Amino acid sequence: MKSLNNKLQWFPILTGILIILGFVFGFYNIYNSIFSESFTSMGRARLFSLLVFSGGYILQFLFLITLNKGVDKKNLKLNILTALAVGLLVFILPSKHEQGYDIFIHSFMALISMGILLSLNLKESLSPRINEQTIFIWVLILAYLFIVNQVSFILWILFLPIGFLSILNLYTNWDRHIVVRVILYAMFLALIIGVYFIHFHFSDLGFIFNKASSLTIIDSLAIGMFMGYIIPYFAFLSRLWPFPGKHQTWKSHREELKDTTKDFARYFDPNKNFPLKNTIIGLFIIIFLYINYIFRFISEAYLITLVLVLVRVLDVVVEKYS
């Protein structure tokens, strides 16, 4: 135990050295790129978009950590240093079949790696706690966005069972069973990802993949913050992947899945609100969304936030008069 503690004492120092090397290497590549003859104005625009995107991504994670009172402050520094170390390795080291060094691809993959690792290390504090009402409201929001954006019939087929289960769960006690709570929690993560991806276009990341960037500063910042927000949900959902990793045995993977299902079951509160209360709130939200669909007085960018605020207000009002 003592030898392990002695090794851990060296970890921040080694990470610090790696961070310094990473920054030196990064600035060297950026400097070479900017002042090379082949680096055009399009390349400079791409680089600027990358820097602003990275700032938005990091800013979103800082918000998630600092605004979350449940974050374990004791191991926070170690988790951040670990994520930085892994991200810098991804940033510096070329892949096996890579020809030449692409600073845009490496920077993007480094950010994603850091985000996933940090999310998994802080999952206990970053994972949202939900109940049957939470899923029901997000189902209504996603249904509205599907209608407004006229999504394909295939997406509706995938969505309808989720919507049906969420409504049915308002009036049953299915979520007493661990398996049902795990399924409902996974559905919630998928709903959040679905809602945010409706607003997102992969073409916005064109500056990463050798395409001209026409994004404004605000656009680049917003896309970075979007990625920072959505990565934890992907990380949490990926823990339900049924197959073991490359260097993982089936036995250890089964244990990991067992732990994940227990965690997801804990994050879902099976204590029911009154079904009538949820029905009234749901009807109000449906009427509100229908009126907005007809008159379009609120844009999609602000609608989600407003609906969530409205739910909290209705919760208090219905509770008071019921």
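All of these numbers come straight from a predicted model, not from anything done at the bench.

Caption draft 1: Representation of the overall build of the protein chain within the structure. For the protein chain, the helix and strand inventory stands at twelve helices and zero strands. Shown N-terminal to C-terminal, the secondary structure of the protein chain runs as helices and strands in the order α-α-α-α-α-α-α-α-α-α-α-α. Counting across all 322 residues of the protein chain, residues that qualify as buried make up 41%. The long-range share in the protein chain, meaning contacts at least 24 apart out of those at least 6 apart in sequence, stands at 79%.

Caption draft 2: The pattern of salt bridges, seen in detail. Applying the stated criterion across every chain yields a total of six salt bridges. Across the pair K123 and D263 runs a salt bridge, and its minimum N-O distance is 2.8 Å. With a gap of 140 residues between them, K123 in helix α5 (residues 123-126) and D263 in helix α10 (residues 250-267) connect regions that are remote in the sequence. In this pair, the class of K123 matches that of D263, namely buried. The residue R239 makes a salt bridge to D263 at a minimum N-O spacing of 3.6 Å.

Caption draft 3: Spotlight on the nonpolar core. Counting 74 residues, the largest nonpolar core has I135, I285 and V307 as its most contacted members. Counting residues per element, this core draws most heavily on helix α6 (residues 132-149), which supplies 13 residues. Discounting chain neighbours no more than four positions away, the residues touching V307 are I137, I141, I285, F288 and L289.

Caption draft 4: Molecular detail of the packing of helix α7 (residues 153-170) against helix α8 (residues 178-198). One way to put it is that α7 packs onto α8 with a least axis distance of 11 Å and a crossing angle of 130°. With respect to α8, the axis of α7 lies oblique. Where α7 crosses over α8, the two elements pack in a sense that is left-handed. Across the interface between the two elements, F159, I162, L165, S166 and N169 from α7 touch L184, M187 and L191 from α8.

Caption draft 5: Fine view of the side chain of Q133. Secondary-structure assignment places Q133 in helix α6. Classification of Q133 as buried rests on a relative accessible area of 4%. A polar contact of 3.1 Å, which involves the side chain of Q133, links it to the side chain of N278. Look past the residues within four positions of Q133 in its chain and what remains in contact with it is N273, N278, I281, V311, R312 and D315.

Caption draft 6: Region of interest: helix α11 (residues 275-295). With 21 residues, α11 ought to run about 30 Å at 1.5 Å a step, and its terminal C-alpha atoms sit 30 Å apart, in line with that. Residues of α11 that are buried include every one of K277, N278, I281, G282, I285, F288, L289 and N292, and no others. Buried residues in α11, looked at end-on, bunch into an arc of 130°, giving them a common side. Those residues of α11 that are exposed and angled more than 90 degrees off the buried face are L276, Y290 and F295. Positioned one or two residues after α11, R296 has a phi angle of 50°, which is positive.

Caption draft 7: Local environment of unusual backbone geometry. Of note, Q150 is a non-glycine position whose phi angle comes to about 50°, a positive value. Given the relative accessible area of 68%, Q150 is considered exposed. Even without being glycine, R296 reaches a positive phi, approximately 50°. Checked against the element boundaries, R296 lands in the loop between α11 and α12 (300-321). Owing to a relative accessible area of 46%, R296 belongs among the partly exposed residues under this scheme.

Caption draft 8: A look at the side chain of Q60. When you line up the elements, Q60 lands in helix α2 (residues 41-66). Those residues in contact with Q60 that lie beyond four places of it in its chain are M225, G228 and Y229.

Caption draft 9: Representation of the packing of aromatic side chains. Taken as a whole and assessed by the stated rule, the structure comprises 17 aromatic pairs. With a centroid separation of 5.3 Å and an interplanar angle of 80°, the aromatic rings of F146 and W156 are classed as edge-to-face. Taken together, the residues span a long stretch of sequence, with F146 in helix α6 and W156 in helix α7 at a distance of ten residues. Exposure remark for W156: the relative accessible area of 23% places this residue in the partly exposed category.

Caption draft 10: Just a nonpolar patch on the surface, in detail. A contiguous nonpolar surface patch, about 830 Å² in accessible area, is contributed by I147, I287, Y290, I291, Y293, I294, F295 and F297. The element that contributes the greatest number of residues to the nonpolar patch is α11, accounting for six residues. Tracing the backbone through its elements, the reader meets Y290 in helix α11. The exposure class assigned to Y290 is exposed, which follows from its relative accessible area of 54%.

So, how was this worked out
- Residues numbered from 1 in each chain as written.
- Predicted model: local features only at pLDDT ≥ 70, side-chain atom pairs only at ≥ 80, totals over all residues.
- Heavy atoms only, no water.
- Helix = DSSP H or I, 4+ residues; strand = E, 2+ residues; numbered from the N terminus.
- Buried < 20%, exposed > 50% of the residue type's maximum accessible area, 1.4 Å probe, protein only.
- Contact = heavy atoms within 4.5 Å.
- Salt bridge = Lys/Arg side-chain N within 4 Å of Asp/Glu carboxyl O.
- Core = buried A, V, L, I, M, F, W, Y, C linked by side-chain atoms within 4.5 Å.
- Axes fitted to C-alpha atoms, helices over the stretch in contact; angles between N-to-C directions.
- Parallel < 35°, antiparallel > 145°, perpendicular 65-115°, else oblique.
- Left-handed = near helix turned anticlockwise from the far one by under 90°.
- Polar contact = N/O pair within 3.5 Å; in protein donor to acceptor, adjacent residues only side chain to side chain.
- Expected span 1.5 Å × (residues − 1).
- Arc of directions from axis to C-beta.
- Phe/Tyr/Trp six-rings, centres within 6.5 Å; stacked < 30°, edge-to-face > 60°.
- Patch = residues over 30% accessible without salt bridge, like charges linked within 9 Å, V, L, I, M, F, W, Y side chains within 5 Å.
- Areas by Shrake-Rupley, 256 points an atom, 1.4 Å probe, with all protein chains shown as cover.

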